Amino acid sequence: MRCLFFITFLVLLHNTMGCNDLIHLSCKKAAASDPNLSYNFCVSSLEAIPKSHGADLEQLVAITLNLTISNATSINSTISKLLVDKKFDKYAKECLQDCLELYSDAVPTLQEAVGAFNAKDYGKANIEISAAMDASSTCEDGFMEKKGEVYPLKRENDIFSQLNVISLAFMNTLGH
């Protein structure tokens, strides 16, 4: 009986390690290809999703794309809350309104990327992801135009950008 338990344990351990190995290897390769991507962020983002355990690279791309869409939707919600906050002046609220529009546009753009990815049109998916990713830098640029303006979405933008970079890097690996 102990022998059967031990063998079952070893099989489960091996399978779990193999699944996580793909996440670690893919994230390592992605982080090496882009200095803006944190290996630890990549691994922790994927390991937090139960479906990623046992996923192949194609499934990992789909997972990161869905994470990115959820993240953009969450950022829209955050911006909506910030827009009613009285601590922001007129300039900041105009910037936030621009950011809301950018992230609102990013969601359907990322959904287009998912459709292209599912059709194995990696070139179109890459273009759509890259276009959506511009939301974060364009949003930040608006705030930076005014000296001393506080940028309230730094963390959210960084996460959004990293999730897009993961999708692009993984997809590039699939395309080669």
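Numbers given for residues are sequential positions, taken from 1 along each chain in its written order. The predicted nature of this model means local features are confined to residues of pLDDT at least 70 and side-chain atom pairs, given and counted, to a pLDDT of 80 or more, with totals for whole chains, interfaces and linings taken over all residues. Hydrogens and water are ignored here; the side-chain numbers use all heavy atoms of the structure.

Student: If you had to explain the overall build of the protein chain to someone new, which residues and values would you point to?
Tutor: Secondary structure follows DSSP: runs of H or I at least 4 residues long count as helices, runs of E at least 2 residues long count as strands, and numbering of each begins at the N terminus. A tally of regular secondary structure across the protein chain gives six helices and zero strands. Helices (α) and strands (β) of the protein chain occur, in sequence order from the N terminus, as α-α-α-α-α-α. For every residue, the accessible area obtained with a 1.4 Å probe (protein chains only) is divided by the maximum for its type, and the residue is called buried under 20%, exposed over 50%, and partly exposed between those limits. The burial tally for the protein chain puts 39% of its 176 residues in the buried class. We call two residues in contact when some of their heavy atoms are within 4.5 Å. Taking as baseline every contact in the protein chain between residues at least 6 positions apart, the subset at least 24 positions apart corresponds to 68%. Note that accessible areas follow from Shrake-Rupley with a 1.4 Å probe, and for residues the cover is restricted to the protein chains shown. Entry remark: accessible area of the protein chain is about 10000 Å², with carbon and sulfur atoms responsible for 59%.

Student: Lay out the state of the cysteines with the relevant residues and their values.
Tutor: The disulfide definition used here is simple: a pair of cysteine sulfur atoms within 2.5 Å. Applying the stated criterion across every chain yields a total of two disulfides. Disulfide pairing places Cys 27 opposite Cys 42 at an S-S distance of 2.0 Å. Handedness of the Cys 27-Cys 42 disulfide follows from its S-S torsion of about -75°: it is left-handed. Of this pair, Cys 27 sits in helix α1 (residues 2-33) while Cys 42 sits in helix α2 (residues 39-47); the two residues are 15 residues apart in sequence, bridging distant segments of the chain. Note on cysteine connectivity: Cys 99 is disulfide-linked to Cys 139, with sulfurs 1.9 Å apart. Between Cys 99 and Cys 139 the disulfide shows an S-S torsion of about 100°. By sign, it is right-handed. Taken together, the positions of Cys 99 in helix α4 (residues 90-118) and Cys 139 in helix α5 (residues 122-144) put the pair 40 residues apart, joining distant regions of the chain. Note on Cys 99: relative accessible area 1%, which makes it buried. Across the protein chain, the way the bonded cysteines pair up, counted in sequence order, is 1-2, 3-4. In this model Cys 95 remains outside any disulfide bridge; the closest cysteine sulfur is found in Cys 99, 6.7 Å from its own.

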